[in-house]
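Below are the chains, spelled out letter by letter.
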Amino acid sequence: GTLELKYGIETPLDTPVDTGLGTVLMLEGWIFCPQCDTQSLRASLDGKTFDVVEWGHSRKDMLIAHQSPSQEQNSRALCSGFWIPLPIEPAPQDRRITLQLQATLRDGTVLTSALHDLCAKASSAVRPPELCPPLPPAPRGCICMATYNPTEEALRRQVDSIRAQTHDN
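Residues numbered from 1 in each chain as written. Predicted model: local features only at pLDDT ≥ 70, side-chain atom pairs only at ≥ 80, totals over all residues. Heavy atoms only, no water.

Novice: Describe the side chain of Ser68, with residues and values.
Specialist: Take Ser68: it is sitting in the loop between helix H1 (60-65) and helix H2 (71-78). Not counting the four nearest positions on each side in its chain, Ser68 is found in contact with Gln73 and Asn74. (Helix = DSSP H or I, 4+ residues; strand = E, 2+ residues; numbered from the N terminus. Contact = heavy atoms within 4.5 Å.)

What follows is the structure in structure tokens.
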């Protein structure tokens, strides 16, 4: 029979992505081939390919939606959830970006999704972050205070100990 790729992208792609100085689109959804196990997943954004490392998440809703007499197909539908952060470079003007998913099956077959378009919006309103003030010449010290439900006396001793430190930085 013919192998098919079933998938759904749940991240809204119809809203322009404000790129600012560069951003990340968190792409979430589900994907599986009913007839064969998936070996790896990739996402292509304007021809740059990224491995999907967070996939196989449990999706009971997909198990219900794609219920089958085949226990293997049910298992593939159940374990079809994925997410991947996709970097989007800044641009001086709005531009169209194409997105495509690619599944490599255990038998080596490669299945691809349809091409999806999204708009990367240039943002002239975003300024670079302000530079940090220069560090003092002496080494700096940091204080990390981990507490969980301390008694009043224990917290007082800990804060007094920090206040008694002599390091200037």
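Novice: Can you explain the pattern of salt bridges? Please cite residues and give values.
Specialist: Taken as a whole and assessed by the stated rule, the structure comprises 10 salt bridges. A salt bridge links Asp61 to Arg59, with the shortest nitrogen-to-oxygen separation between them at 2.7 Å. Residue classification places Asp61 among the partly exposed positions, given a relative accessible area of 38%. Note that Glu153 and Arg157 form a salt bridge whose closest N and O atoms lie 3.9 Å from each other. On the criterion of helical spacing, the pair formed by Glu153 and Arg157 is a turn pair, its members being 4 residues apart in helix H3 (residues 152-163). Glu153 sits in the partly exposed class, given a relative accessible area of 41%. (Salt bridge = Lys/Arg side-chain N within 4 Å of Asp/Glu carboxyl O. Buried < 20%, exposed > 50% of the residue type's maximum accessible area, 1.4 Å probe, protein only.)

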